[in-house]
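One letter stands for each residue in the lines below.
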Amino acid sequence: MRAHDLHARARAAVGAYRFGHGRMLLRDAQRLLDRSGVPDERVTALRVRVLVSLAYVAAETDSLTAGLDGLDDAERHARRLPDGVERSELDGLVLAHRGLLLLRAGRVPEGLEVLDDAIPRLERGMRGGTGDASVLAGAYLNRGTSYIFLAQVAGAAADFARCIEVCDDHGLVLLAAKARHNLGYVAYMTGDLPTALRHYDETERSYREHSTGMLPTLQLDRARALLAAGLAADAARQLDDAIPMLREQRAGQDLAEAELARAAAALLDGATNDAKRRARAAERSFTRRGNARWAAVSALVAMRADATVSIESGRVPPRLPVRAVKLAESLRALLLEDETGLALMLAVRLEVRRSDPASAEILLDQLPPQRATTPLDHRMLLRLCRAELAVARGDRRRALAEARRGLVELGRARDRMGGLELVCGTAVHGQQLGELAVRLVLNGPRRSARQLFGWLERTRAQVYRYEPMPAIDDPVLAEKVSVLRSLRRAVQLERVAGRPARRQERQAAALEREVLRQGWYTTPWGRPRPVASLADVSAQLGERALVSFAVSGDELLAVVVAGGRTRLARLASAAETAEWAHRLYADLDALAPDGLAPAVAAVVTGSARRSADVLDTRLITPLERFAGRRELVIVPTGALYAVPWGSLPSLRGRPVVVAPSATAWLSAERSGTDGGRVLLARGPRLTEAIAEESALRSTYPDAIYLASPGSTVAAVLSALDGAAIAHLAAHGEHEPTNAMFSRLELADGPLFAHELARLRRPPRHVVLAACELAMNHIRPGDEALGFAGGLLAGGVRTVVAAASRVGDMAAASAMVEYHHRISAGDRPAVALAAAVAADPFRRPFICLGAS
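Residues numbered from 1 in each chain as written. Predicted model: local features only at pLDDT ≥ 70, side-chain atom pairs only at ≥ 80, totals over all residues. Heavy atoms only, no water.

(A) Highlighting the overall build of the protein chain. Along the protein chain, the regular secondary structure elements total 37 helices and 18 strands. Relative to a compact globule of 851 residues, whose C-alpha radius of gyration would be 29 Å, the protein chain shows 31 Å and is just as compact. With the C-alpha coordinates aligned to their principal axes, the bounding extent of the protein chain is approximately 100 × 70 × 50 Å. Within the protein chain, buried positions represent 60% of all 851 residues. Across the protein chain, contacts joining residues at least 24 apart in sequence account for 72% of those joining residues at least 6 apart. (Helix = DSSP H or I, 4+ residues; strand = E, 2+ residues; numbered from the N terminus. Rg over C-alpha atoms; globule rule 2.2 N^0.38 Å. Buried < 20%, exposed > 50% of the residue type's maximum accessible area, 1.4 Å probe, protein only. Contact = heavy atoms within 4.5 Å.)

Okay, here's the thing in structure tokens:
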């Protein structure tokens with residue numbers, strides 16, 4: 001094989017991140033060139049190209065020094081050629097790769113200067129007919145990346161556009177995909193996360209077709225966008241997939257960057273020890289590679305882990321803020337402006353915690369100005385620094401003003417998001433600001449319940465503040481959901497047969513994440529509604545009372561709005577109360593099966609009664625002096641989302657509706673209650689008891705009735721759209737790690753919460769009769785997601801569902817009584833209170849949304 005062909009194959013292997021194979025081919029090409037005798041100009045030119053490729057491989061797999069030495073060797077050979085177009089083009093080739101290596105080493109200004117010199121030479125070579133379009137396109141790609149590092153997004157976008165132009169003219173599909181990949185990074189830098197994720201998904205299709213070796217770097221950048229959106233677990237999954245592939249590729253720089261991003265994911269998830277360990281390992285890798293910039297960024301992540309532990313414990317070693325300041329000086333010398341600001345903000349918080357506001361204020365004044373590309377979490381941290389410093393100075397008003405402005409800024413970022421998960425995830429960046437505001441109100445001179453109500457509404461369950469926009473029909477997405485349904489159906493059949501289905505479960509989980517990602521950028525989630533005012537909530541309540549639970553530290557609190565007054569109750573330990581809620585849930589779960597032995601049922605019922613009595617004493621009895629025996633609207637927090645309120649002694653037979661926020665409740669209350677059809681749908685594998693067919697069909701003689709095999713997903717979705725009441729009797733499953741894929745089993749497979757979130761005309765009233773789909777996955781900011789939560793966020797007014805497992809007979813009897821009362825004109829909360837009271841521990845249904 002000719003040396004030219006070997007070089008071409010080696011470049012393809014290196015472009016696919018198969019560095020070992022590429023190095024072998026390049027060595028073979030070198031040997032062929034060495035055997036060619038006295039070198040002529042063509043041999044010398046090809047040798048230069050081979051040496052340049054070897055230098056790139058050496059830089060990636062060995063060290064920057066090895067790569068730069070290799071380029072020096074290539075440059076010496078290039079000088080043997082006479083001046084002319086080809087010599088100019090080869091000089092440009094060497095310069096382009098030198099610029100790339102300097103860029104990869106973090107020496108961005110140097111790299112940019114070299115690329116500025118390389119590109120005119122490469123353009124000249126193209127005009128003279130000796131150039132390589134892929135080298136020219138790559139130079140634009142790399143210079144655009146340099147602009148990214150310097151936060152010059154306009155220059156970056158222009159160079160990526162020129163790269164795509166060259167690629168389209170010469171059929172360079174893979175390089176064009178890389179440029180589009182980097183356009184996604186530009187969108188990520190400017191905070192346009194839906195656009196970034198769209199670019200990444202489009203690029204993934206090209207990479208899968210032309211170069212699977214690029215997929216790990218794509219996953220790395222997607223993980224960065226997910227971290228910016230507050231989705232630490234999703235980012236960690238991307239990185240855990242990418243890191244083994246990068247190790248196999250021996251892609252040293254990208255591997256170290258992925259390890260550092262994994263440290264950031266651990267830090268966002270609260271795993272500070274893991275974050276520090278990973279960051280220090282990344283720092284050592286970058287140091288070995290001679291990359292001072294990235295090593296300093298890694299040290300910053302480790303510092304952030306240390307600072308987090310110290311701030312949370314209240315024990316700050318005197319040298320820790322000094323270390324943060326020294327790190328800031330190093331970062332400033334490396335021209336890392338945002339990172340310099342972050343290190344200084346850590347030092348500010350540490351000095352405040354050490355009760356040294358004067359030092360903190362001096363450091364705050366040294367912060368570089370934030371830019372349009374400054375990450376959202378840095379912006380929120382600056383607000384937090386200012387607020388904490390104001391508290392230390394005794395200026396409570398200014399602290400609350402900073403918190404308010406920060407949450408407004410966070411809200412603007414949230415408004416750009418698509419998909420429930422992205423909207424929910426951003427709440428994590430404002431969590432500390434919200435907690436600080438709550439503490440300030442509680443510790444203030446007036447301890448104003450009215451003020452606390454306002455802050456709780458600004459900080460919790462913001463996803464339910466949006467009026468959903470109808471989804472755009474997307475045949476590709478529909479096909480993926482269809483494949484996912486088939487996979488989940490296969491998993492279910494394997495389970496029924498008693499066989500493992502691990503392979504199908506892995507495939508389904510991967511496809512779920514893919515479907516969710518596509519939903520993140522098709523359209524914004526919805527139009528934001530204003531936060532409900534206390535006056536509007538109080539007026540809408542009438543004779544009812546609203547109880548909004550909250551936690552500050554380990555203290556459980558409740559704001560009670562009743563009779564035109566708003567009052568604050570301090571209750572009990574939040575951790576202990578959560579433990580009792582978990583015990584009650586476990587007891588009711590154990591009590592659910594039909595045919596439980598009487599002796600076992602008696603023991604479990606006794607345990608459930610004790611748990612319910614304790615919760616009643618902690619949560620409801622102290623509020624009676626404010627709320628009396630009124631109907632209640634309950635806004636839970638954390639573990640209280642799992643409480644079946646009708647099982648508590650003070651609430652038996654008493655109408656209760658549960659809402660994620662007062663704003664969500666008010667929106668649901670004010671939504672339309674016009675008439676419409678009734679849907680009765682039954683899934684497969686149900687007993688006649690749970691289907692409660694004859695009684696309900698007698699109650700609703702004109703209802704649409706769908707039973708297996710006719711209760712397909714398509715048929716049920718069609719009937720749900722515009723329904724007044726939908727009774728869905730089907731087995732279901734809450735998916736705690738991917739809440740929007742909690743599901744109901746229908747005749748042809750599962751109906752996912754994801755599919756219900758954007759019905760064009762959501763049903764007014766949905767009853768989930770045979771499952772525990774009132775369960776939610778609770779994200780920071782009390783963002784509750786699950787099957788029932790997806791329905792509420794999608795515009796359903798009222799959802800009735802079980803908070804724990806429920807037996808067939810108990811569900812059937814409860815639902816027959818419930819619908820009998822609904823058909824007689826009772827409101828849902830009233831009807832459900834009566835139905836649950838007959839057997840409160842075996843009928844753990846709750847009314848969600850509006851009453």
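(B) The arrangement of the packing of helix H13 (residues 252-268) against helix H15 (residues 292-313) in detail. One can describe the packing of H13 onto H15 by two numbers: an axis separation of 11 Å at closest approach and a directional angle of 15°. Judged by the angle between their axes, H13 and H15 are roughly parallel. By crossing handedness, the relation of H13 to H15 is classed as left-handed. Each of Gln-253, Glu-257, Leu-260, Ala-263, Ala-264 and Leu-267 in H13 lies in contact with H15, whose residues at this interface are Trp-294, Val-297, Ser-298, Val-301, Arg-304, Ala-305 and Thr-308. (Axes fitted to C-alpha atoms, helices over the stretch in contact; angles between N-to-C directions. Parallel < 35°, antiparallel > 145°, perpendicular 65-115°, else oblique. Left-handed = near helix turned anticlockwise from the far one by under 90°.)

(C) Local environment of the packing of helix H1 (residues 3-15) against helix H2 (residues 19-34). Orientation of H1 relative to H2, taken along the N-to-C sense of each, is 165°, at an axis distance of 8 Å. Classified by the angle their axes make, H1 and H2 are roughly antiparallel. Note on packing geometry: the crossing formed by H1 with H2 is left-handed. Packed against H1, whose contacting residues are Ala-3, Leu-6, His-7, Arg-9, Ala-10, Ala-13 and Val-14, the element H2 presents Phe-19, His-21, Gly-22, Leu-25, Leu-26, Asp-28, Ala-29, Leu-32 and Leu-33 at the interface. Along the lines of polarity and charge, the residues of the contact of H1 with H2 split into 11 nonpolar, 3 polar and 2 charged. (Nonpolar A, V, L, I, M, F, W, Y, C, P; charged D, E, K, R; others polar.)

(D) Here's a closer look at the sheet that holds strand S13 (residues 749-752). The strand order across the open sheet formed by 3 strands is S11-S12-S13, and the pairing between neighbours is antiparallel. Two strands in the sheet have a free side with no partner beyond their single neighbour: strand S11 (732-733) and S13. By the bridge criterion, 4 bridges tie strand S12 (residues 743-746) to S13 in an arrangement that is antiparallel. Each residue of the ladder has a partner; that of Leu-746, found in S13, is Gly-749. Packing against the sheet, helix H33 (residues 713-720) makes contact with S12 and S13, and its axis sits at approximately 30° to S13. (Pairing = 2+ DSSP bridges.)

(E) Just the nonpolar core, in detail. Within the largest apolar cluster, 109 residues are counted, with the highest numbers of intra-cluster contacts made by Val-537, Leu-546, Tyr-818 and Phe-845. Per-element accounting of this core gives the leading share, 11 residues, to H15. Residues in contact with Tyr-818, not counting those within four places in the same chain, are His-765, Val-767, Val-800, Pro-828, Ala-831, Leu-832 and Ala-835. Membership of the second largest hydrophobic core comes to 92 residues, among which are Leu-112, Phe-160, Val-166 and Ala-196. (Core = buried A, V, L, I, M, F, W, Y, C linked by side-chain atoms within 4.5 Å.)

(F) Here's a closer look at the side chain of His-727. With respect to the helices and strands, the residue His-727 is situated in strand S10 (residues 725-729). Note on His-727: relative accessible area 1%, which makes it buried. At 2.8 Å, the side chain of His-727 forms a polar contact with the side chain of His-819. (Polar contact = N/O pair within 3.5 Å; in protein donor to acceptor, adjacent residues only side chain to side chain.)

(G) Layout of the pattern of salt bridges. Tallied over the full model, the rule gives 59 salt bridges. Linking Arg-670 and Asp-536 is a salt bridge whose minimum nitrogen-to-oxygen distance equals 3.9 Å. One end of the pair, Arg-670, is in helix H30 (residues 662-670); the other, Asp-536, is in helix H26 (residues 534-541), with 134 residues separating them in the sequence. With a relative accessible area of 35%, Asp-536 lands in the partly exposed category. With a shortest N-O distance of 3.5 Å, Asp-594 and Arg-842 are connected by a salt bridge. (Salt bridge = Lys/Arg side-chain N within 4 Å of Asp/Glu carboxyl O.)

(H) Up close: the packing of aromatic side chains. Within the structure shown, the criterion is met by 5 aromatic pairs. For the pair Phe-149 and Trp-294, a centre-to-centre distance of 6.3 Å together with 90° between the ring planes defines the contact as edge-to-face. Of this pair, Phe-149 sits in helix H7 (residues 133-149) while Trp-294 sits in helix H15, and the two are 145 residues apart along the sequence. Residue Phe-149 is classed as partly exposed on the basis of its relative accessible area of 30%. An aromatic cluster is present here, built from Phe-149, Phe-286 and Trp-294 joined pairwise through their rings. The lysine or arginine in question, Arg-458, covers the ring of Trp-455, its NZ or CZ lying 4.6 Å from the ring centre. A cation over a ring is seen here: Arg-583 above Trp-580, with NZ or CZ 4.2 Å from the ring centre. (Phe/Tyr/Trp six-rings, centres within 6.5 Å; stacked < 30°, edge-to-face > 60°. Lys NZ or Arg CZ within 6 Å of the ring centre and 35° of its normal.)

(I) The arrangement of the pairing of strand S8 (residues 678-682) in detail. Burial analysis of S8 places 5 of its 5 residues in the buried class, which makes it a mostly covered element. Along S8, one buried face is formed by Val-678, Leu-680 and Arg-682 and the opposite face, lined by Leu-679 and Ala-681, is buried too. As judged from the 5 bridges shared by S8 and S10, these two strands associate in the parallel manner. Counted as the bridge partner of Ala-681 is Leu-728 from S10. Relative to strand S9 (residues 704-707), S8 runs parallel, the two being bridged by 4 bridges. Counterpart to Leu-680 in the pairing with S9 is Tyr-705.

(J) Up close: the side chain of Thr-272. With respect to the helices and strands, the residue Thr-272 is situated in helix H14 (residues 272-288). Judged by its relative accessible area of 15%, Thr-272 is buried.

(K) Quick look at the environment of Ala-96. Tracing the sequence through the fold places Ala-96 in helix H5 (residues 85-104). For the pair Ala-96 and Ala-229, spaced 133 residues apart in the sequence, the C-alpha separation amounts to 35 Å. Contacts of Ala-96, omitting those with residues within four sequence positions, involve Leu-115, Ala-118, Leu-122 and Ala-139.

(L) The arrangement of the environment of Asp-73 in detail. Here Asp-73 shows up in helix H4 (residues 64-78). According to the relative accessible area criterion, Asp-73 is partly exposed, its value standing at 24%. On a C-alpha basis, the gap between Asp-73 and Ala-55 in space is 9.0 Å, while along the polypeptide they are 18 residues apart.

(M) Structural detail: the pairing of strand S5 (residues 565-573). Burial within S5 is extensive, with 7 of its 9 residues counted as buried. In this structure, strand S4 (residues 555-562) lies alongside S5, joined through 7 bridges in antiparallel fashion. Residue pairing in the sheet places Ala-558 in a bridge with Ala-569 of S5. Hairpin connection from S4 to S5: 2 residues lie between these consecutive antiparallel strands, with Gly-563 at a positive phi of about 60°.

(N) Representation of unusual backbone geometry. In this structure, Pro-709 follows Ser-708 across a cis peptide bond, with omega equal to 15°. For Pro-709, the position within the fold is in the loop between S9 and H33. The phi torsion at Ala-151 lies on the positive side, around 60°, for a residue other than glycine. Of note, Ala-151 is situated in the loop between H7 and helix H8 (153-170). The backbone phi angle of Leu-335 is positive, close to 65°, even though this residue is not glycine. Note on placement: Leu-335 falls in the loop between helix H16 (319-333) and helix H17 (337-353).

(O) Representation of helix H6 (residues 108-128). Taking 1.5 Å per residue as the helical rise, H6 with its 21 residues ought to reach 30 Å, and the 30 Å between its terminal C-alpha atoms agrees with that figure. Along H6, the residues classified as buried are Val-108, Gly-111, Leu-112, Val-114, Leu-115, Ala-118, Ile-119, Leu-122, Glu-123 and Gly-125. Structurally, H6 contributes buried residues whose contacts are with H5, H7, H8 and H15. At the exit of H6 stands Gly-129, carrying a positive phi of roughly 85°. (Expected span 1.5 Å × (residues − 1).)

(P) Just helix H37 (residues 828-837), in detail. Along H37, 7 of the 10 residues are buried, which leaves the element largely enclosed by surrounding structure. Of the positions making up H37, those classed as buried are Pro-828, Ala-829, Ala-831, Leu-832, Ala-833, Ala-835 and Val-836.

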